[in-house]
Amino acid sequence: GAGVSQSPSNKVTEKGKDVELRCDPISGHTALYWYRQSLGQGLEFLIYFQGNSAPDKSGLPSDRFSAERTGGSVSTLTIQRTQQEDSAVYLCASSTDVNQPQHFGDGTRLSIL
Amino acid sequence: GDSVTQMEGPVTLSEEAFLTINCTYTATGYPSLFWYVQYPGEGLQLLLKATKADDKGSNKGFEATYRKETTSFHLEKGSVQVSDSAVYFCALRNTGGFKTIFGAGTRLFVKA
């Protein structure tokens, strides 16, 4: 399809395990964003990529969180040693550039047992 | 820091009722303002936007006017439909910035 694709759509894992979430942006979109949406909360900005570079990582909640983007396309968000408070929907969005509207994926629902 | 505050939901209306969802913001400079909508089972999508004071964004019968004097961007629709049932998010992005700040969302239920 032509939209932002995220995988997996759902992930259930045990506390302490590492998880990797994937985002495939719309082809040609240089800007890519990760957000977290906890139950009943708004979207919390995590990180932004322009190409393969992340100018601002200050939104990442802790050093257990990391993200990378290769080839200016696919991005992965990795959470190490997961905790129950990491349970949320993780949303990815992309845009042609930072001033253009963001197109969102359907998200990955992460549940930590 | 920059922030967005929107009215708590859920908001329940009958079909053809008038809708207002309040949104106010705090920001330095001159932000762009957005309303996003998330229909049941679907991803977030942009509903409308306004990039400068007094601009009115509109789409699908929804409107919002950028009011700098009251730092508001209230969402309105004259006659809601059942298909408008969704969660609505107000958001801002500051000039030259990349970070979009979202409100907590307002769930709208429209009854037939």
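Refer to the structure above for everything that follows.
Remember, it's a predicted structure, so these values are computed and weren't measured experimentally.

(A) Molecular detail of the overall build of chain A. In terms of regular secondary structure, chain A is built from zero helices and 11 strands. Listing each helix as α and each strand as β along chain A from the N terminus yields β-β-β-β-β-β-β-β-β-β-β. A globule of 113 residues ought to have a C-alpha radius of gyration of about 13 Å, and chain A, at 13 Å, matches this closely. In chain A, which comprises 113 residues, the proportion classed as buried is 50%. In chain A, once contacts between residues fewer than 6 apart in sequence are set aside, the share between residues at least 24 apart is 54%. Counting only carbon and sulfur atoms, one obtains 43% of the accessible surface of chain A, whose full area is about 5,300 Å². Across chain A, the centroid of the 10 positively charged side chains sits 4 Å from that of the 12 negatively charged ones.

(B) Geometry of unusual backbone geometry. Following Ser 7 of chain A, the chain continues into Pro 8 of chain A via a peptide bond in cis, with omega recorded as -10°. Here Pro 8 of chain A is to be found in the loop between β1 (5-7) and β2 (10-13). Following Gly 9 of chain B, the chain continues to Pro 10 of chain B via a peptide bond in cis, the omega torsion being 0°. With respect to the helices and strands, the residue Pro 10 of chain B is situated in the loop between β1 (3-6) and β2 (11-14). The backbone of Arg 81 of chain A shows a phi angle near 50°, a positive value even though the residue is not glycine. Within the secondary structure layout, Arg 81 of chain A lies in the loop between β8 (75-79) and β9 (88-95). Phi angles above zero are rare outside glycine, and Asp 54 of chain B is one such case at about 75°. Here Asp 54 of chain B shows up in the loop between β6 (44-50) and β7 (56-59). Exposure remark for Asp 54 of chain B: the relative accessible area of 54% places this residue in the exposed category.

(C) Structural context of the sheet that holds strand β3 (residues 19-24) of chain A. Residues and elements named next belong to chain A. Across the sheet, which stays open at both edges, the four strands sit in the order β1-β3-β8-β7 with antiparallel pairing between neighbours. With partners counted over all chains shown, the strands left at the sheet margins are β1 and β7 (65-69), one partner each. When strand polarity is set aside, the average angle formed by the axes of neighbouring strands in this sheet is 15°. Note that β3 and β8 share five bridges and pair antiparallel. Residue pairing across strands places Glu 20 opposite Thr 78, the latter belonging to β8.

(D) Local environment of the pattern of salt bridges. One pass over the structure, following the stated rule, counts six salt bridges over all chains. Among the ionic pairs, Arg 22 of chain A bridges to Asp 24 of chain A, the shortest N-O distance being 3.0 Å. Two residues, Lys 52 of chain B and Asp 55 of chain B, come together in a salt bridge whose shortest N-O distance is 3.4 Å. For Asp 55 of chain B, a relative accessible area of 21% gives the class partly exposed.

(E) Local environment of the state of the cysteines. Residue and element names in this part refer to chain A. For the structure shown, the criterion picks out two disulfides over all chains. Each sulfur of the disulfide joining Cys 23 and Cys 92 lies 1.9 Å from the other. Measuring the twist about the S-S bond at about -65°, one finds the Cys 23-Cys 92 disulfide to be left-handed. Note that Cys 23 is positioned in strand β3 and Cys 92 in strand β9, a separation of 69 residues in sequence. Overall, the relative accessible area of 0% leaves Cys 92 in the buried class.

(F) Region of interest: the packing of aromatic side chains. For the structure on display, the rule yields 11 aromatic pairs over all chains. Look at Phe 104 of chain A and Tyr 36 of chain B: their rings are 5.5 Å apart centre to centre, the planes differ by 85°, and that puts the pair in the edge-to-face class. With Phe 104 of chain A in strand β10 (residues 103-104) and Tyr 36 of chain B in strand β5 (residues 32-38), this pair bridges two chains. A single burial state applies to Phe 104 of chain A and to Tyr 36 of chain B, both of which are buried. Joined through ring pairs, the aromatic side chains of Tyr 33, Tyr 35, Phe 45, Tyr 48 and Phe 104 of chain A together with Phe 34, Tyr 36 and Phe 102 of chain B make up one cluster.

Conventions used here
- Residues numbered from 1 in each chain as written.
- Chains lettered and ligands numbered in written order.
- Predicted model: local features only at pLDDT ≥ 70, side-chain atom pairs only at ≥ 80, totals over all residues.
- Heavy atoms only, no water.
- Helix = DSSP H or I, 4+ residues; strand = E, 2+ residues; numbered from the N terminus.
- Rg over C-alpha atoms; globule rule 2.2 N^0.38 Å.
- Buried < 20%, exposed > 50% of the residue type's maximum accessible area, 1.4 Å probe, protein only.
- Contact = heavy atoms within 4.5 Å.
- Areas by Shrake-Rupley, 256 points an atom, 1.4 Å probe, with all protein chains shown as cover.
- Lys, Arg positive; Asp, Glu negative; His and termini not counted.
- Charge placed at Lys NZ, Arg CZ, Asp CG, Glu CD.
- Pairing = 2+ DSSP bridges.
- Axes fitted to C-alpha atoms, helices over the stretch in contact; angles between N-to-C directions.
- Salt bridge = Lys/Arg side-chain N within 4 Å of Asp/Glu carboxyl O.
- Disulfide = S-S within 2.5 Å.
- Phe/Tyr/Trp six-rings, centres within 6.5 Å; stacked < 30°, edge-to-face > 60°.

Function cannot be read off these values alone, since they describe shape.
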